[in-house]
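Tertiary structure, described
What follows is the residue order along each chain.
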Amino acid sequence: MIPLAFFVFIIYSISNMSDEVQQIKDKIDVADLIGEYVQLKPAGVNKKGLCPFHHEKTPSFMVSPERKSWHCFGCAKGGDIFTFIEEIEGMEFKEALKYLANKAGVVLTNSFKQEIGGSQRNRLKDINTEAARFFYNFLIKIPSAKLAMDYLIKRGIKSETIDEWQIGFIPEQWDLLTQYLLKKGFAIDDLVASGLTIKRDNADPKTYRGFYDRFRGRIMFPIWDAHGDVVGFTGRVLVEKENSGGKYVNTPQTAVYDKSRVIFGLNKAKQEIRSKNLIVMVEGQMDVIACHQAGMRNVVASSGTALTEEHVKLLKRYSININMAFDMDEAGQNAARRGIAIALREGMNIKVICLPEDAGKDPDECLKKNPHVWFDAVEKAQDIMEWYFAKAFTNKDPANHHHKQTISNELLPDIVLIPYAVERDHWLRLLSEKLNVDVAVLREDMTRVKGKGEGGRWKDVKEASATVLVKTSLDMRIERLFGLVFKFPELVGKVIGAGLDNALSVGLLAPLYEQIKIEYNTNKQIEPTKLPQGLIVGTENIVDLLSMQGDWEFADFHLKEAGEELDKLILIIKDEWVKNKRKGLQIEIERAEKAGDKIDLEQLLDKYNKVHA
Ligand SMILES: [Zn+2]
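Residues numbered from 1 in each chain as written. Predicted model: local features only at pLDDT ≥ 70, side-chain atom pairs only at ≥ 80, totals over all residues. Heavy atoms only, no water.

1. Some words on the overall build of the protein
- Secondary structure summary: the protein contains 29 helices and 17 strands in total.
- Counting every position in the protein, which comprises 613 residues, the buried fraction comes to 47%.
- A sequence separation of at least 24 residues applies to 63% of the contacts in the protein between residues at least 6 apart.
- Here the protein displays about 31300 Å² of accessible surface, and carbon together with sulfur accounts for 52% of that area. (Helix = DSSP H or I, 4+ residues; strand = E, 2+ residues; numbered from the N terminus. Buried < 20%, exposed > 50% of the residue type's maximum accessible area, 1.4 Å probe, protein only. Contact = heavy atoms within 4.5 Å. Areas by Shrake-Rupley, 256 points an atom, 1.4 Å probe, with all protein chains shown as cover.)

2. Brief notes about helix α18 (residues 401–417)
- The terminal C-alpha atoms of α18 lie 25 Å apart, and with 17 residues this matches the ideal 24 Å at 1.5 Å per residue to within 8%.
- Approximately 30° is the largest bend angle found in α18, and it occurs at L411, with the proline P413 only one to four residues beyond.
- Considered for burial, the residues of α18 that qualify are K404, I407, S408, L411, L412, P413, D414, I415, V416 and L417.
- Where α18 begins, the capping side chain belongs to N400, and its oxygen is found 2.7 Å from the backbone nitrogen of H402. (Expected span 1.5 Å × (residues − 1). Bend = angle between axes of the 7 residues up to and from the residue. Polar contact = N/O pair within 3.5 Å; in protein donor to acceptor, adjacent residues only side chain to side chain.)

3. As for the sheet that holds strand β9 (residues 218–224)
- If you trace the four strands from one edge of the open sheet to the other, you get β6-β9-β10-β11, paired in antiparallel fashion. Whereas interior strands pair on both sides, the edge strands pair on one side only; in this sheet they are β6 (168–170) and β11 (248–250). Each strand axis lies, on average, 30° off the axis of its neighbour in the sheet, ignoring direction.
- As defined by bridge partners, β9 adjoins strand β10 (residues 230–237) across seven bridges and the pair is classed as antiparallel. Bridge pairing in β10 places R218 opposite V237. (Pairing = 2+ DSSP bridges. Axes fitted to C-alpha atoms, helices over the stretch in contact; angles between N-to-C directions.)

4. Some details on the side chain of Q285
- Structurally, Q285 can be placed in helix α12 (residues 285–293).
- Not counting the four nearest positions on each side in its chain, Q285 is found in contact with F221, I223, T234, F264 and S303.

5. Structural notes on the nonpolar core
- Counting residues in hydrophobic clusters, the biggest one holds 62 residues, and the most contacted among them are F135, I167, L196, I219, F233, V280 and W374.
- The dominant element in this core, judged by the number of residues it contributes, is helix α6 (residues 120–141), at nine residues.
- With sequence-adjacent residues up to four places away left out, L196 is seen in contact with I127, N128, A131, F135, L177, L181, L191, Y212, D213, R214, F215 and F233.
- The next biggest cluster of nonpolar side chains, apart from the first, holds 46 residues, and it includes I263, L314, L412 and V416. (Core = buried A, V, L, I, M, F, W, Y, C linked by side-chain atoms within 4.5 Å.)

6. What to know about the packing of aromatic side chains
- All told, the structure shown has 21 aromatic pairs when counted by the stated rule.
- Look at W70 and F84: their rings are 5.5 Å apart centre to centre, the planes differ by 85°, and that puts the pair in the edge-to-face class. Here W70, found in strand β4 (residues 69–72), pairs with F84, found in helix α3 (residues 81–89); they are 14 residues apart in sequence, far enough to count as distant. An identical accessibility class is assigned to W70 and F84; each is buried.
- Between the aromatic rings of F134 and F135, the centroid separation amounts to 6.2 Å while the plane-to-plane angle is 65°, which identifies the pairing as edge-to-face. (Phe/Tyr/Trp six-rings, centres within 6.5 Å; stacked < 30°, edge-to-face > 60°.)

7. A short note on the pairing of strand β13 (residues 279–282)
- What you see with β13 is no split at all: I279 and M281 on one side and V280 and V282 on the other are buried throughout.
- In terms of strand pairing, β13 meets strand β15 (residues 321–324) through three bridges, oriented parallel. Following the sheet pairing, V280 is matched in β15 by N323.
- The pairing of β13 with strand β14 (residues 299–302) spans three bridges and is parallel. Counterpart to V280 in the pairing with β14 is V299.
- You can see the chain leave β13, run along α12 and come back into β14, and the turn it takes is right-handed. (Right-handed = clockwise from strand over helix to strand, strands pointing away.)

8. Looking at helix α7 (residues 146–154)
- Where α7 is concerned, the buried positions are A148, Y151 and L152. End-on, the buried residues of α7 take up no more than an arc of 95°, which puts them together on one face. Exposed and facing more than 90 degrees away from the buried side of α7 are K146, L147, I153 and K154.
- Looking one or two residues past α7, G156 carries a phi angle of roughly 85°, positive in sign. (Arc of directions from axis to C-beta.)

9. What about unusual backbone geometry?
- Phi angles above zero are rare outside glycine, and Y208 is one such case at about 65°.
- You will see that N436, though not glycine, has its phi angle at about 55°, which is positive.
- By secondary structure assignment, the location of N436 is in the loop between α19 (421–435) and α20 (439–451).

10. Re the confidence of the model for the protein
- Looking at the protein, the pLDDT average stands at 85 and 89% of residues meet or exceed 70.
- In the model of the protein, helix α22 (residues 461–470) stands out as the element of lowest mean pLDDT, 34, in contrast to β6, which has the highest, 97.
- Across residues 453–470 the pLDDT falls below 50, and counting only partners more than four positions away or on other chains, this stretch makes 35 contacts in the model. (pLDDT = per-residue confidence, 0-100.)

11. Here's the deal with the sheet that holds strand β5 (residues 78–79)
- Within the open sheet, the five strands sit side by side as β1-β2-β3-β4-β5. Their pairing is antiparallel. Edge positions in the sheet fall to β1 (41–43) and β5, since each has one partner strand and no second.
- The sheet contact formed by β1 and strand β2 (residues 46–49) spans three bridges and is antiparallel. Looking across to β2, one finds that P42 is bridged to K47.

12. Topic: the pairing of β4
- Residues W70 and C72 line the buried face of β4, whereas the alternating positions S69 and H71 sit on a face that is not buried.
- As judged from the four bridges shared by strand β3 (residues 61–64) and β4, these two strands associate in the antiparallel manner. Counterpart to S64 in the pairing with β4 is S69.
- The loop that links β3 with its antiparallel partner β4 comprises four residues; one of these, K68, has a positive phi angle of about 55°.

If you want it as structure tokens, here you go:
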């Protein structure tokens, strides 16, 4: 039997918890808190702004200071300060609680602290914090770290910088850190979950044999999240040996570290980014540290990965202006291009930092050679579209018709991404002038480019052009159809009943059509936001993409016009499908004729005549 005292304890904890939750809610103004993420404007007793959780152009996101709550009438999300922080920061409740308690200056009672300690994410952050302290103390206090210290000094890192960035060192030993953290009272399972300890298959959790440190003989750079919690590390090998396992080793993906979500240096740069209203994005962690040391403090880097949508959303909270420095070789440019496409689509103002030829291969090197050159390059960064234009026209003759097409093929996919019509139009007109081609012709071409989906540009540029080749005009009509239906879900019944099964059950979007049918047959309706995203190989967010396409192409449509458009599309798709099918059979018929295969020929001709959508 469970003792009564246990229940009393639980009830006591819960009542304490709700007291403290209430205290935090009373101390933090919901509009102030949300105002850190969203620009809010007064709307009567409430405030409103653009929803941070869905794409919108007119505000439907309301905050009520009186009710201490928020709600979006566009995407139906809503709640209190805790749910807001959970949602926007990707935290679980206990983490949000700890975070907001700190902000409110509410001291949590002991029983509550135990509760919070119970969250694995909080435990992993504690482990990382303790490990960072250990590495740092080792570097500055232990004589055997001298070699590491010498290396850092040689790279021009000052001792204040080591303190500020908590740079550390761990010597080449088997399980020094693991043993230390175990003595500090952390559980072995949590150490493994933090990525700091590696577990062998035959490891014994009782004696801790078979558990060893991931980072050995390395200079350690902590990685913080935007709130200043240590979530992971980069370890740079001090003495490169054959079996030292790579120059850099990073914390693997854990419950608190996801490299596609963490921006290195943001916790230290965010204030300056806000006050300068500019993000300077570089590639390496050493570049970030060198820039901060040189007094440029609005500098960040993505952690060893191309810029992702999550990165861009995080950065956008602080500024929409971003100056980027990236490797100018072909591979570096292609890698950067994907991130730039995402940032363009999110409406960010992007500029490219171009270092002069002999200035050094990266910001760190440039700062060592001549800091003024770097500061100057950041200042004079070039607008991304101007930069793309200059690149596209290099070594090409705009009077040559082949070159004309190449140039427009290169630029239109980027122009298409710009979410602001006026700006988009500006670049389109400039291109039309420079190529001496009518704007209307470019618009037509742009529709074709648009049809291949924005996803195209997000992949490697080469991959994107391959996508254009395999996508038929029928595929594009079908995309348009789905875009329309996602914008007007009430029309879905019409599509299901249109006799398009043959046409829609083949081709790129067939799996999506299957899913829509299942949904419709069960519920007699569909909710596009609830459809699974990952149905199409190579495009991880097909439903979002098609929905956006629908929003964009049918922005001014009412239901009636949408219905008429749908009727037209259904006819065209049927017609094209029949033509395609007949074309295919035609080839087989010609082959059978040549081979003199009469039986085959008769069957094929029969098929040909009976083709229908
Ligand atoms: Zn919303």
